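The chain contents come next:
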Amino acid sequence: MCLAVPGKIVRVFDRDGTTMADVDFGGIRKQVCLHYIPDASEGEYVVVHVGFAIQRLDEESAKATLAEFERMNVLDEEFGDGFERAARQAGEVEGP
């Protein structure tokens with residue numbers, strides 16, 4: 001599955017001329033490209049799809065969406081270890 005997930009920008013930095021950010025998705029942090037929103041800043045919420053921030057989002061909507069994704073266990077599915085998940089599904093590793 002490939003979702004657009006809201007997250008909070010915790011740090012903005014430059015990598016080889018590209019504006020990047022560390023984004024917190026409810027406790028999971030990933031590096032995200034800010035090419036489409038280069039003026040985004042720390043503390044703002046953005047919607048991220050396939051590693052790119054594609055739009056800004058207000059804090060209330062972002063938190064509500066993250067809470068719903070957490071309730072449905074979507075964040076682990078989206079950001080978790082795909083190899084471990086596949087092994088669990090194949091019955092080779094115990095787990096949830």
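Read on for an overview of the structure. Just so you know, the residues in each chain are numbered from 1, in the order the chain's sequence is written. Two thresholds apply to this predicted model, a pLDDT of at least 70 for residue-level local features and 80 or more for giving and counting side-chain atom pairs, whereas whole-chain, interface and lining totals are computed over all residues. Note that the side-chain values use all heavy atoms of the structure and ignore hydrogens as well as water.

Thoughts on the pairing of strand β5 (residues 52–57)
Quick note on the threshold: Criterion used throughout: strands pair if DSSP finds at least two bridges between them. Runs of H or I in DSSP of at least four residues are treated as helices and runs of E of at least two as strands, each being numbered from the N terminus.
Where strand β4 (residues 45–49) and β5 come together, five bridges link them in antiparallel fashion. Directly across from H49, in β5, lies its bridge partner F52. Connecting β4 to the antiparallel partner β5 that follows it, the hairpin turn spans two residues, and V50 within it adopts a positive phi of roughly 45°.

Looking at the pairing of β4
Threshold: Only protein chains enter the area calculation, which uses a 1.4 Å probe; residues under 20% of their type maximum are buried, those over 50% are exposed, and those in between are partly exposed.
By the criterion of burial, β4 is predominantly enclosed, with four of the five residues buried. Pairing of strand β1 (residues 4–15) with β4, which is carried by five bridges, proceeds in the antiparallel orientation. Paired with G7 across the two strands is V46, which belongs to β4.

Regarding the pattern of salt bridges
Selection rule: Salt bridge, as used here, is a side-chain nitrogen of Lys or Arg placed within 4 Å of a carboxyl oxygen of Asp or Glu.
In this structure the tally under the stated criterion is six salt bridges. Between E59 and K63 there is a salt bridge; the shortest N-O distance is 2.8 Å. Placement of both E59 and K63 in helix α1 (residues 59–71) is noted, with a separation of four residues, approximately one turn of the helix. Residue K63 is classed as partly exposed on the basis of its relative accessible area of 46%.

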